Amino acid sequence: MANQKTAFVSQQLIGPSPAPAGQVGATAWIRKNLIATPKDVLLTIISLAVLAYVLPGIFQWLFIDAVWTGSDRTACLSAAQGGAIADGHVGACWAFVGAKFQQFIFGRYPLEEQWRPMLVMIMFVVLMVPMLMPKAPFKGLNALLLFVVLPVVAFFLLTGGFGLPHVETSRWGGLMVTLILSFFGIAVSLPVGILLALGRRSSMPVIKMLCVIFIEVIRGIPLITVLFMASVMLPLFLPDGWTFDKLLRALVGVSIFSSAYMAEVIRGGLQSIPKGQFEGADSLGLSYAQKMRLIILPQTIKLVIPGIVNTFIGLFKDTSLVSIIGMFDLLGIVTLNLSDSNWATPVTAVTGLIFAGFVYWIFCFGMSRYSHFMEKHLDTGHKH
């Protein structure tokens with residue numbers, strides 16, 4: 001007993017003894033995930049063999065046999081006829097991506113005015129980076145600038161005004177439209193989804209019924225139908241001479257659709273909060289608003305971070321559906337340019353779609369990794 005007490009006191013004073021060499025770092029990860037059992041060893045060998053067979057060909061097609069420069073389709077065709085056809089390989093036509101890159105990013109936004117969306121993107125990054133850092137100071141001011149001031153400034157910069165030439169939203173496109181739709185949808189869907197989730201759990205019958213009807217109706221129809229109705233059906237119910245901008249219709253449609261899904265994610269988190277948390281808040285004499293803002297919602301959001309980010313990722317990819325109303329996001333503008341006869345080659349379409357897919361993957365993977373970071377940062381309730 002005395003030895004156990006001495007060991008316990010020593011552990012409290014100097015901390016746990018370091019793990020033996022080989023049980024930490026890359027070696028430990030390999031032993032745990034790749035060669036822990038005979039079955040793992042077999043699967044690892046098979047996986048490595050498949051990768052060794054597939055990756056060299058993919059790498060050669062994407063980079064070695066690829067055409068990087070050129071002004072039209074002849075660059076890629078001449079490369080295919082020059083040496084790649086002899087061994088059966090025709091590389092990617094990255095010259096097509098290079099020639100159309102500005103359209104992929106800005107759509108048909110005037111070339112001489114593209115500094116305006118670039119300035120908006122720079123301001124967005126400058127404000128977003130500290131917002132994503134948990135220990136960055138002045139969070140309230142940062143949020144005000146990002147979610148209130150920046151949209152107003154961006155509106156006048158992108159559309160025109162105060163001496164800037166007017167640019168119709170019909171000329172917007174590419175990655176710019178994808179980012180605008182996804183950022184607006186994310187910024188709106190989270191607070192509206194929280195309100196809808198609280199309304200669905202409300203004890204007031206009218207508010208609960210309205211929230212339930214909204215959520216179930218919107219979740220019961222596909223996004224493409226919401227966008228179609230916002231673009232085609234809504235003008236039929238407006239007085240003569242009244243109209244809404246096409247981009248505004250897309251923003252409204254995407255926002256209400258994602259808000260309904262976000263409401264169910266938040267409601268699931270609210271139901272997982274123990275009843276004692278509500279009773280403890282009531283025993284402190286907190287009002288409903290104080291109870292939700294200070295105790296319930298912080299725990300709820302921490303529990304449903306994976307679901308929230310999953311909704312955001314789905315929203316980011318679903319922006320490609322705005323092509324149904326005549327707008328062209330990143331995927332839409334890439335697909336539109338595939339019909340350009342000046343770049344018609346056997347590999348142009350595949351190259352353009354790979355580029356679009358890689359851009360989507362970069363943003364979605366970034367959101368996924370940040371959600372894992374926040375889960376670890378906020379996971380303080382069960383540490384030993």
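Here the structure is a predicted model, which means the values were calculated and not measured.

Quick notes on the packing of aromatic side chains
- For the coordinates displayed, the defined rule picks out 18 aromatic pairs.
- Between W361 and F365, the ring centres sit 4.9 Å apart and the planes meet at 15°, which makes this aromatic pair stacked. Here W361 pairs with F365, and both are found in helix α16 (residues 348-378), just four residues apart, close to one helical turn.
- Consider the rings of Y370 and F373, whose centres lie 6.0 Å apart with planes at 40°: the pair is tilted. Of the two residues, Y370 and F373 both sit in helix α16, three residues apart, roughly one turn of that helix.
- The partly exposed category is assigned to F373, whose relative accessible area is 39%.
- These aromatic residues form a ring-pair network of at least three members: F96, F101, F104, W343 and F355.
- The ring of Y261 is capped by R219, whose NZ or CZ atom sits 5.7 Å from the centre of that ring.

Focus on a nonpolar patch on the surface
- Residues L42, L43, I46, L48, V50, L51, Y53, V54, L55 and I58 make up a contiguous nonpolar surface patch of about 990 Å² in total accessible area.
- With respect to the helices and strands, the residue L43 is situated in helix α3 (residues 38-64).

Here we look at the state of the cysteines
- All chains considered together, the criterion is met by one disulfide.
- Between C76 and C93 runs a disulfide, and the two sulfur atoms are separated by 1.8 Å. Its S-S torsion of approximately 70° makes the covalent link between C76 and C93 right-handed. Here C93 lies in the loop between α4 (73-84) and α5 (94-106) and C76 lies in helix α4, a separation of 17 residues in the sequence.
- Assessed through its relative accessible area of 0%, C93 is described here as buried.

Considerations on the UniProt feature "transmembrane region" (unreviewed entry) in the chain
- In the numbering used here, UniProt assigns the feature "transmembrane region" (unreviewed entry) to residues 41-64, 115-132, 144-164, 176-198, 210-235, 321-338 and 344-366.
- Measuring from the first to the last C-alpha atom of residues 41-64 gives 33 Å, for a span that is 100% helix and 0% strand.
- With 100% helix and 0% strand, residues 176-198 has its two end C-alpha atoms placed 33 Å apart.

Examining the layout of surface pockets
- Reported here for the second largest pocket is a volume of approximately 150 Å³.
- Lining the second largest pocket, in full, are I221, V226, M229, A230, M233, L234, F237, V252, G253 and I256.
- Residue assignment for the lining of the second largest pocket shows that the elements contributing at least two residues are α10 (223-233) and α11 (246-272).
- Residue contributions to the lining of the second largest pocket peak at four residues, all from α10.

Concerning the nonpolar core
- Grouped together as the largest cluster of nonpolar side chains are 54 residues, with contacts concentrated most on F104, W172 and L330.
- With seven residues, α5 is the single largest residue contributor to this core.
- Residues within four places of F104 in sequence aside, it is in contact with F96, V97, G174, L175, L330, I333, V334, N337 and F355.
- Listed in part, the 17 residues of the second largest apolar core include A197, I266, A281 and I296.

What about the side chain of T319?
- Mapping T319 onto the fold places it in the loop between α14 (305-318) and α15 (330-337).
- Apart from residues lying up to four places away in sequence, T319 is in contact with T178, L181, S182, D329 and Y360.

About the criteria used
- Residues numbered from 1 in each chain as written.
- Predicted model: local features only at pLDDT ≥ 70, side-chain atom pairs only at ≥ 80, totals over all residues.
- Heavy atoms only, no water.
- Phe/Tyr/Trp six-rings, centres within 6.5 Å; stacked < 30°, edge-to-face > 60°.
- Helix = DSSP H or I, 4+ residues; strand = E, 2+ residues; numbered from the N terminus.
- Buried < 20%, exposed > 50% of the residue type's maximum accessible area, 1.4 Å probe, protein only.
- Lys NZ or Arg CZ within 6 Å of the ring centre and 35° of its normal.
- Patch = residues over 30% accessible without salt bridge, like charges linked within 9 Å, V, L, I, M, F, W, Y side chains within 5 Å.
- Areas by Shrake-Rupley, 256 points an atom, 1.4 Å probe, with all protein chains shown as cover.
- Salt bridge = Lys/Arg side-chain N within 4 Å of Asp/Glu carboxyl O.
- Disulfide = S-S within 2.5 Å.
- UniProt positions renumbered as here; feature names shortened; annotations may be inferred.
- 1 Å grid on protein atoms, 1.4 Å probe; cavity = no way out; pocket = protein on both sides within 12 Å on 5 of 7 lines; lining within 4 Å.
- Points joined across faces, edges and corners; volume = space filled by probe spheres on them.
- Core = buried A, V, L, I, M, F, W, Y, C linked by side-chain atoms within 4.5 Å.
- Contact = heavy atoms within 4.5 Å.

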